[in-house]
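Breakdown of the fold
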Amino acid sequence: MKTQNSDRKSFTVKESYRKLVFVAVFKKDQFAKSWQWKGSIDFDNGKILFAGRGAFESEQQAKNHMLQFAHGCIDNRLGAT
């Protein structure tokens, strides 16, 4: 795991959930005090692209929000609960 740095302007997350790999690149907009991300989930029949943005106090909060979205997308696609 990378060291958290509140001054960092971008970072990448690569993880897996239910044996599916997903990647997201985060960028901080310091003027709007928000984070935006673009990523993809590698399903067996192709990649699904996603993007998001939000105002968060820390990069960890932004990451947690994206992880929640990615996990929900994977669960929904696989029909898991």
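The structure this text deals with has already been given above.
Model, not experiment: these values are computed from the prediction.

**Observations concerning the sheet that holds strand E2 (residues 20–29)**
Pairing within the open sheet is antiparallel, and its 4 strands lie in the order E1-E2-E3-E4. Two strands close off the open sheet at either side, each with one partner strand: strand E1 (10–17) and strand E4 (46–54). Between one strand and the next, the sheet's axes are offset by a mean angle of 15 degrees, whatever the strand orientation. Note that E2 and strand E3 (residues 34–43) share 8 bridges and pair antiparallel. Residue pairing in the sheet places Val-23 in a bridge with Ser-40 of E3.

**Overview of the packing of aromatic side chains**
Counted by the stated rule, this structure contains 5 aromatic pairs. When the ring of Phe-11 is compared with that of Phe-26, the centres are 4.5 Å apart and the planes differ by 5 degrees; the resulting orientation is stacked. Placement of the pair is Phe-11 in strand E1 and Phe-26 in strand E2, with a sequence separation of 15 residues. For Phe-11, a relative accessible area of 8% corresponds to the buried category. Ring plane angle 40 degrees and centroid distance 6.1 Å describe the contact between Trp-37 and Phe-56, whose orientation is recorded as tilted. With Trp-37 in strand E3 and Phe-56 in the loop between E4 and helix H1 (59–78), this pair connects stretches of sequence that are 19 residues apart. Put simply, the rings of Phe-11, Phe-26, Trp-35, Trp-37 and Phe-56 touch in pairs and so form one group of aromatic residues. The lysine or arginine in question, Arg-77, covers the ring of Phe-43, its NZ or CZ lying 4.5 Å from the ring centre.

**Let's talk about the environment of Ala-55**
Looking at the element boundaries, Ala-55 is found in the loop between E4 and H1. Judged by its relative accessible area of 63%, Ala-55 falls in the exposed class. A sequence separation of 26 residues divides Ala-55 from Asp-29, and the C-alpha atoms of the two residues are 9.4 Å apart. Apart from residues lying up to four places away in sequence, Ala-55 is in contact with Lys-33 and Ser-34.

Reading the values: the criteria
- Residues numbered from 1 in each chain as written.
- Predicted model: local features only at pLDDT ≥ 70, side-chain atom pairs only at ≥ 80, totals over all residues.
- Heavy atoms only, no water.
- Pairing = 2+ DSSP bridges.
- Helix = DSSP H or I, 4+ residues; strand = E, 2+ residues; numbered from the N terminus.
- Axes fitted to C-alpha atoms, helices over the stretch in contact; angles between N-to-C directions.
- Phe/Tyr/Trp six-rings, centres within 6.5 Å; stacked < 30°, edge-to-face > 60°.
- Buried < 20%, exposed > 50% of the residue type's maximum accessible area, 1.4 Å probe, protein only.
- Lys NZ or Arg CZ within 6 Å of the ring centre and 35° of its normal.
- Contact = heavy atoms within 4.5 Å.

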